[in-house]
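Next come the chains, spelled out residue by residue.
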Amino acid sequence: MADATVETFAITGMTCANCSARVEKELKTTDGVLEANVNLATEKATVQFDDTLSAEQVIQRVEAIGYGAILFDEEHKQKIQQEKAAYLKRMKRDLILSTVLTAPLMIAMVAMLLGSHAGWVHFLHLPLVQLILVTPVQFGVGQRFYRGAYHALKTKAPNMDVLVAMGTSAAFLLSVYNGFFNPHNSDLYFESSGMIITLILLGKYLEQKAKTKTSDAIKQLMSLQAKTATVIVAGIEQQVPIEKVQAGDLLRVRPGEQIPVDGKILAGQTTIDESMLTGESLPVDKQVEDQVFGGTVNTTGSIQFTATQVGSMTVLSRIIRMVEDAQGEKAPIQQIADKISKIFVPTVLGIALLTLLATGFFTGDWQLAIVHSVSVLVIACPCALGLATPTAIMVGTGLGAKSGILIKGGGALEKIAHLTTVVLDKTGTITEGKPVVADFEAFDPQALAYLTSLEQQSEHPLAKAIYQYGKDQTEILPVDQFESLTGQGVTGIINGKQYFVGSKRGLKERNISFAEDRVIALEEEGKTVMFLTDQANLLAMISVTDQVKASSKSAIEALHTLGIKVKMLTGDNPQTARYIGEQVGLQSADIVAEVLPEDKAQVVKELQTKGESVGMVGDGINDAPALALADIGIAMGSGTDIAMETADITLMNSDLVSVEKSIRLSKLTLRKIKQNLFWAFCYNVIGIPFAAFGFLNPIIAGGAMAFSSVSVLLNSLSLNQKKL
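The name an unreviewed UniProt entry assigns to the protein is P-type Cu(+) transporter, from the organism Enterococcus devriesei. Looking at the Catalytic activity (unreviewed entry) heading of the UniProt record, one finds this comment for the protein: "Cu(+)(in) + ATP + H2O = Cu(+)(out) + ADP + phosphate + H(+)". As stated in UniProt under Sequence similarities (unreviewed entry), the record for the protein gives "Belongs to the cation transport ATPase (P-type) (TC 3.A.3) family. Type IB subfamily."

See the structure below:
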């Protein structure tokens, strides 16, 4: 298979769901394109293509069907923003022109309906005057609809532009006929065609403005990126653009300044406001060896740190990229709207034709028939339908990002609402993940040295706790033939003799006895007991404890309140597991102890075979398979990169309460989507028959159509008022 490339393109010229569907269909049928996803709300296309195709050829394919495309990368982002600003400016200019030219006709129409016979009213009703005023609106301002309709019909995919162009053209041409060629009928509809275009343009302008608000979360995140940094070179401080900072550079940040890039503190201590990344309002104390993240704010002390991640690799840049990707991905529920949008415009054209023929034959008044069919054409628009889902997804993922909840896409945001069971890895999820030594009993004078030397080689959290305990109390000895034994412990040779550090399971494998009553007593206090042995004897016993997070109990209670079952997985023995479980309100049946890393995924699979929709919460490399297998994988932000890459959701504040917040956010967003879809369907189901039977004149129909999509956008934006 050829190498695949994934690129994002900004798409211009889309006006409704049919447009985005047309671009998507065109891309998917292009040779070399493996997958394509076009989002109307974000106005972006994500395209996966092989090496037989280039980004430039993808752009040409989009342009061939009447739309514009710009590669969405760092180099072109400014150009895209400039084009969007210019498009909005042109739209505003056209709207003002259209309003100025149409307003006199509307005022005159209202004055005549109120019985006025003033000379200016009659003047404004002269066919030539109306023709002069409306022609620039119809063919100047309205050329966007003709252009869009031409490309839509050319590609056999009629869209909103076709409906507007046909409806307004019918009203305009009927007015020309009556005004200049039909002495028996003086009815004019110039103000209808002009006002329809004005109202639809107003709706589109408001829609475009509202769309920019749905991406406010991205803009706020981008505004956190520092523009400059203070780099120390040979003891001299230099102010440099952020783009020139490289990994390994030494930087200084003073109180009140922004941390420019990710790094590790070398000197000084301070308090840092990380709320913009984690959603956590309390500042975090930092000292030497602690990590700092670009975009956060240094509040108290002056620090020097080494840059570890710069540019697109910083945590903030990765968050921005993740939120952008999430906002561009479709939710499964959107498939309903997509399917309907594909047949919507052809159906409306059929209803309009039926309205024309039925009204004409039954009433004998073909002018009335044309007016009714024009009303059908202009009231029916799939815009609201196309915007219903993606705008809510954009706002929902943005609201999550503000709260330190990073959601990978619309699919994840939708699925989390349907979880029935949440599986929690104990260490780093329910507990702090920072174990410390609680008890140490040595039966050999060199036991601590052997123990510390062996554990220095291991990456296990318990091993790190033991190493931290012993490193300042004893010498570190060289270890040969070090080996990690999954589920048991570690082994290695020191001074020509083999030693083992590990669990009860490892001791039983080696037939080495230990004081079982003493061990059980420690385990019932929630401590994990480890042993040091040589090939035949027990040399030391050490217990390690990991504090339960303050919020874990309330977080689990909140999940239970939502009707969600909670399970805890741990490699600990049953006694320790039960002690931790009881502290957070879990029953014995909810606790699975002595689970090997490779068995975590199996536990998730067993729950799924019982019909459960499973969310897995973890933070380590050994959680990655279970995170990937679960219906929704949730990674703690304090965890490893591989866990966060595998997960569907990342909790930047590593707080278990955010799991419940994620579920509530998902339910709120889904509710908004369903409300949007309901109103979009309801609007058309009620509006089209009313228009067909003549209860709506074309102007009211045009106004209703214009504001239907705006109402959907405003409903989605109301999500921002919710507090998680």
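Below, the discussion takes up the overall build of the protein. Along its length, the protein carries 27 helices and 26 strands. Overall size of the protein, expressed as C-alpha extent along the three principal axes, is 120 × 65 × 50 Å. Residue burial in the protein is summarised as follows: out of 724 residues, 54% are buried. Contacts spanning at least 24 positions in sequence make up 68% of the contacts within the protein whose residues lie at least 6 apart.

Another aspect to go through is the domain arrangement of the protein. Domain boundaries assigned for the protein yield domain 1 (5–72), domain 2 (401–431 + 550–668) and domain 3 (433–547). Inter-centroid distance (C-alpha atoms) of domain 2 to domain 3 is 29 Å. Each partner contributes to the interface: domain 2 provides 13 residues, whereas domain 3 provides 14 residues. Roughly 1100 Å² of surface becomes buried between domain 2 and domain 3 when both sides are summed, with 54% attributable to carbon and sulfur atoms. Considering only the surface of domain 2 that becomes buried against domain 3, Thr431, Gln575 and Tyr579 emerge as the three largest contributors, covering 38% of it. Here domain 2 and domain 3 share 0 salt bridges between them. Our count for the contact surface shared by domain 2 and domain 3 stands at 3 residue pairs in polar contact (both at pLDDT 80 or more). Sorting the residues of the side of domain 2 that touches domain 3 by element identifies helix H16 (426–430) and helix H22 (574–583) as the ones contributing at least two each. Of the residues belonging to the side of domain 2 that touches domain 3, the class tally is 4 nonpolar, 6 polar and 3 charged.

Okay, the UniProt feature "domain: HMA" (unreviewed entry) in the protein next. Here, the residues flagged by UniProt with the feature "domain: HMA" (unreviewed entry) are residues 5–70. Along residues 5–70 the backbone is 33% helical and 38% strand, and the end-to-end C-alpha distance reaches 16 Å.

Let us now look at unusual backbone geometry. One non-glycine residue, glutamate 43, lies in the positive phi region at around 55°. Looking at where glutamate 43 falls in the secondary structure, it is placed in the loop between strand E2 (33–39) and strand E3 (44–50). Although it is not a glycine, glutamine 481 adopts a positive phi angle of roughly 50°. Turning to its location among the elements, glutamine 481 is positioned in strand E17 (residues 480–485).

Time to look at the packing of aromatic side chains. Counted under the stated rule, the structure contains 9 aromatic pairs. Look at tyrosine 450 and tyrosine 499: their rings are 4.3 Å apart centre to centre, the planes differ by 25°, and that puts the pair in the stacked class. Remark: tyrosine 499 occurs in strand E19 (residues 497–502) and tyrosine 450 occurs in helix H17 (residues 447–456); sequence separation between them is 49 residues. Here tyrosine 450 matches tyrosine 499 in class, with each residue buried. An aromatic cluster is built from Phe139, Tyr146, Phe172 and Phe190, whose rings are joined through pairwise contacts. Against the face of phenylalanine 72 rests lysine 44, its NZ or CZ located 4.0 Å from the ring centre. In this structure, arginine 510 is placed above the aromatic ring of phenylalanine 500, and the distance from its NZ or CZ to the ring centre is 3.9 Å.

This brings us to helix H23 (residues 600–609). Among the residues of H23, those classed as buried are Lys600, Ala601, Val603, Val604 and Leu607. For H23, the angular spread of buried residues about the axis comes to 160°, placing them on one side. As for H23, its buried residues are in contact with strand E15 (421–425), strand E22 (565–569), strand E24 (614–618) and helix H24 (624–629). Phi turns positive, to about 90°, at glycine 611, one or two residues after H23.

The biggest cluster of nonpolar side chains holds 121 residues, and the ones touching the most others in it are Phe9, Leu27, Leu656 and Val659. With 12 residues, helix H26 (residues 657–692) is the single largest residue contributor to this core. Lining this core are residues from two domains, each supplying at least three of them: domain 1 (5–72) and domain 2 (401–431 + 550–668). Discounting chain neighbours no more than four positions away, the residues touching valine 659 are Val422, Leu559, Val617, Ile634 and Leu651.

In this section: the sheet that holds strand E16 (residues 436–442). Read across the open sheet, the 6 strands follow the order E16-E21-E20-E19-E18-E17; overall the sheet is antiparallel. The open sheet is flanked by E16 and E17, the only strands paired with a single partner. Taken pair by pair, the neighbouring strands of this sheet meet at an average axis angle of 15°, ignoring direction. Pairing of E17 with strand E18 (residues 489–494), which is carried by 4 bridges, proceeds in the antiparallel orientation. Among the inter-strand pairings, aspartate 480 is bridged to a residue of E18, identified as isoleucine 493.

With that settled, consider a positive patch on the surface. Together, Lys667, Arg671, Lys674 and Lys722 give the surface a local cluster of positive charge. Since its relative accessible area comes to 37%, lysine 722 is described here as partly exposed.

With that settled, the discussion passes to the side chain of glutamate 414. In this structure, glutamate 414 sits in helix H15 (residues 410–415). Within the buried core, glutamate 414 has no salt-bridge partner, and the shortest N-O distance to an opposite charge, that of lysine 674, equals 7.6 Å. Here glutamate 414 is in contact with Ala331, Pro332, Ile333, Ser666 and Leu670, once residues within four sequence places are set aside.

Those places that UniProt annotates as "transmembrane region" (unreviewed entry) correspond, in this numbering, to residues 95–114, 120–141, 162–182, 188–206, 343–362, 368–388, 676–693 and 699–719. Annotation note: span residues 95–114, helix share 95%, strand share 0%, distance between end C-alpha atoms 27 Å. Helix makes up 91% of residues 120–141 and strand 0%, and the two end C-alpha atoms of the span are 26 Å apart.

For helix H20 (residues 516–523), the full list of buried residues reads Val519, Leu522 and Glu523. Axial view of H20: buried residues confined to an arc of 100°, hence all on one face. Looking at the buried positions of H20, the neighbouring elements they touch are E16, helix H19 (504–509), strand E20 (528–533), strand E21 (538–545) and H22.

Bridging between strand E1 (residues 4–12) and E3 involves 7 bridges; their strand directions are antiparallel. Following the sheet pairing, valine 6 is matched in E3 by glutamine 48. Note: E1 against strand E4 (residues 68–71), 4 bridges, orientation antiparallel. Each bridged residue has a counterpart across the sheet, and for alanine 10 the counterpart in E4 is isoleucine 70.

Sheet architecture is open: 7 strands sit in the order E14-E26-E25-E24-E15-E22-E23, paired in mixed fashion. The open sheet terminates on both sides in strands that have one partner only, identified here as strand E14 (405–407) and strand E23 (591–592). Pairing geometry for E14 and strand E26 (residues 649–651), over 3 bridges, is antiparallel. Following the sheet pairing, leucine 406 is matched in E26 by threonine 650.

The rules behind the values
Residues numbered from 1 in each chain as written. Predicted model: local features only at pLDDT ≥ 70, side-chain atom pairs only at ≥ 80, totals over all residues. Heavy atoms only, no water. UniProt positions renumbered as here; feature names shortened; annotations may be inferred. Helix = DSSP H or I, 4+ residues; strand = E, 2+ residues; numbered from the N terminus. Buried < 20%, exposed > 50% of the residue type's maximum accessible area, 1.4 Å probe, protein only. Contact = heavy atoms within 4.5 Å. Domains from an automatic or database assignment. Buried area = accessible area lost by both parts, 1.4 Å probe. Salt bridge = Lys/Arg side-chain N within 4 Å of Asp/Glu carboxyl O. Polar contact = N/O pair within 3.5 Å; in protein donor to acceptor, adjacent residues only side chain to side chain. Nonpolar A, V, L, I, M, F, W, Y, C, P; charged D, E, K, R; others polar. Phe/Tyr/Trp six-rings, centres within 6.5 Å; stacked < 30°, edge-to-face > 60°. Lys NZ or Arg CZ within 6 Å of the ring centre and 35° of its normal. Arc of directions from axis to C-beta. Core = buried A, V, L, I, M, F, W, Y, C linked by side-chain atoms within 4.5 Å. Pairing = 2+ DSSP bridges. Axes fitted to C-alpha atoms, helices over the stretch in contact; angles between N-to-C directions. Patch = residues over 30% accessible without salt bridge, like charges linked within 9 Å, V, L, I, M, F, W, Y side chains within 5 Å. Areas by Shrake-Rupley, 256 points an atom, 1.4 Å probe, with all protein chains shown as cover. Lys, Arg positive; Asp, Glu negative; His and termini not counted. Charge placed at Lys NZ, Arg CZ, Asp CG, Glu CD.

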